[in-house]
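Close look at the chain arrangement
Residue-level listing of the chains:
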Amino acid sequence: FTVEVAEYVSGVPEIKLPALRFKEGSLFIKDDELFTISGVTPGTTVNQLTEAIIIENVNDNIVLVIPDKSGENNVGTGTVVRIESANGEKVYCSYTILCYGDINGDGLIGIADFSKMRAYILSKTTLEGPFATCADINFDGKIGIADFSKLRAALLNKTVIEQNRKAELSGE
């Protein structure tokens, strides 16, 4: 493990690792405790996401990586965004995308998500990790019929699924 030494303060080096943040005005939200990125609207592409990202404390050997995705591909629930060394040997930080309502990870909210949630409610499948998080559409801490109904309403264009959980919880 190698670190760039930025400056010495009282004989102790201040270590500055590469960090990810978003351009001002971006709706994306980075959670450094859960290592997630939310505020991702359905249909957001790799290009749209990467255009909003600023990598701080960077040198020429650092790259932004979104494995198995490129350009106009959608980023969806479970997509991983990493800052790593150009040779791929070091990962400095890694975040998982959350797109509420997208529980199959395709970056859209559609009938496949509806079918998956129905199967979950009928105990025919399980949802884990970010997929379970994004199935809790009403943010009450559990996945149930209320989430299923809200997903159905969204598919019928009767409501929009909030992508900013903090705003939903605070009533903003």
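Just so we're clear, the structure is a prediction, and the values are computed from it rather than from any experiment.

1. A closer look at the sheet that holds strand E7 (residues 62–65)
Spatially, E4-E5-E9-E8-E7 is the arrangement adopted by the five strands of the open sheet, whose pairing is mixed. Lying at the two open borders of the sheet, with one neighbouring strand each, are strand E4 (29–31) and E7. Between one strand and the next, the sheet's axes are offset by a mean angle of 20°, whatever the strand orientation.

2. Remarks on the pattern of salt bridges
Scanning the model with the defined rule gives four salt bridges in all. One salt bridge in this structure joins Glu-84 and Arg-82, with 2.8 Å as the shortest N-O distance. A relative accessible area of 8% means that Glu-84 is categorised as buried. Looking at Arg-82, the relative accessible area reads 23%, which means it is partly exposed.

3. Thoughts on the side chain of Ser-38
Positionally, Ser-38 belongs in strand E5 (residues 36–38). The exposure class of Ser-38 is buried, given its relative accessible area of 9%. When neighbours within four sequence positions are excluded, Ser-38 is seen to be in contact with Leu-27, Phe-28, Ile-29, Leu-98, Tyr-100 and Gln-163.

4. Focus: the nonpolar core
Counting residues in each nonpolar core, the largest one holds 17 residues, and the members touching the most others are Leu-20, Phe-22, Phe-28, Ile-37, Leu-49 and Val-81. If you list the elements that add at least two residues to this core, you get strand E3 (19–22), helix H1 (46–52), strand E8 (80–85) and strand E9 (91–97). Apart from residues lying up to four places away in sequence, Phe-22 is in contact with Phe-28, Ile-29, Lys-30, Ile-37, Leu-49, Ala-52, Ile-53 and Ile-54.

5. Some thoughts on helix H4 (residues 145–155)
All buried positions along H4 are accounted for by Asp-147, Phe-148, Leu-151, Ala-153 and Ala-154. Elements in contact with the buried residues of H4: helix H2 (111–121) and helix H3 (129–135). Backbone geometry just downstream of H4 places Asn-157 in the positive-phi region, at approximately 60°.

6. Brief notes about the environment of Asn-61
Inspection of the secondary structure assignment puts Asn-61 in the loop between strand E6 (53–56) and E7. With residues up to four places along the chain from it excluded, the contact list for Asn-61 reads Glu-84, Ser-85 and Ala-86.

7. Quick notes on the side chain of Thr-77
With respect to the secondary-structure elements, Thr-77 resides in the loop between E7 and E8. Looking at Thr-77, its side chain comes within polar contact range of the main-chain oxygen of Asp-102, at 2.7 Å. Setting aside its immediate chain neighbours within four residues, Thr-77 contacts Ile-97, Leu-98, Cys-99, Asp-102, Gly-105, Pro-130, Phe-131 and Cys-134.

8. A short note on the packing of H2 against H4
Relative to each other, H2 and H4 sit at 165°, their axes nearing to 10 Å. Taken as axis vectors, H2 and H4 run roughly antiparallel relative to one another. When you trace H2 past H4, the crossing you get is left-handed. For the pair H2 and H4, contact is made by Ile-111, Asp-113, Phe-114, Met-117, Arg-118 and Ile-121 and by Ile-145, Asp-147, Phe-148, Leu-151, Arg-152 and Leu-155, respectively. Looking at the contact of H2 with H4 residue by residue, the classes come out as eight nonpolar, no polar and four charged.

9. Examining the environment of Ala-19
Here Ala-19 lies in strand E3. Given a relative accessible area of 23%, Ala-19 falls into the partly exposed group. If we ignore the near neighbours within four places in the chain, the residues touching Ala-19 are Ile-54, Ile-55, Glu-56 and Ile-83.

Quick notes on the rules
- Each chain carries its own residue numbering, running from 1 in the direction its sequence is written.
- Owing to the predicted nature of the model, reporting of local features is limited to residues with pLDDT of at least 70; listing and counting of side-chain atom pairs is limited to 80 or more, with chain, interface and lining totals taken over all residues.
- Heavy atoms throughout the structure, all of them, feed into the side-chain values; hydrogens and water do not.
- Being paired, for any two strands, means DSSP has found at least two bridges between them.
- The helix count covers DSSP runs of H or I at least four residues long, the strand count covers runs of E at least two residues long, and both are numbered beginning at the N terminus.
- To get an axis, fit a line to the C-alpha atoms, keeping to the stretch in contact for a helix; angles then go from 0 to 180 degrees between the N-to-C directions.
- Basic side-chain nitrogens of Lys or Arg form a salt bridge, by our definition, when they fall within 4 Å of a carboxyl oxygen of Asp or Glu.
- A simple rule labels every residue: compare its accessible area, found with a 1.4 Å probe on the protein chains alone, to the largest value its type can have, and call it buried under 20%, exposed over 50%, or partly exposed in between.
- Between two residues, a contact is recorded if the distance between any of their heavy atoms is within 4.5 Å.
- What makes a nonpolar core is a set of buried Ala, Val, Leu, Ile, Met, Phe, Trp, Tyr and Cys residues whose side-chain atoms join them at distances within 4.5 Å.
- Between N or O atoms, a polar contact is any pair within 3.5 Å; within protein, one atom must be a potential hydrogen donor and the other a potential acceptor, and residues adjacent in sequence are included only when both atoms are from side chains.
- Should an angle fall under 35 degrees it is taken as roughly parallel, and over 145 as roughly antiparallel, whereas 65 to 115 is taken as roughly perpendicular and any remaining angle as oblique.
- In this scheme, a crossing is called left-handed if the near helix is turned counterclockwise away from the far one by less than a right angle; it is called right-handed if the turn is clockwise.
- Charged means Asp, Glu, Lys or Arg here, nonpolar means Ala, Val, Leu, Ile, Met, Phe, Trp, Tyr, Cys or Pro, and polar covers whatever is left, Gly included.

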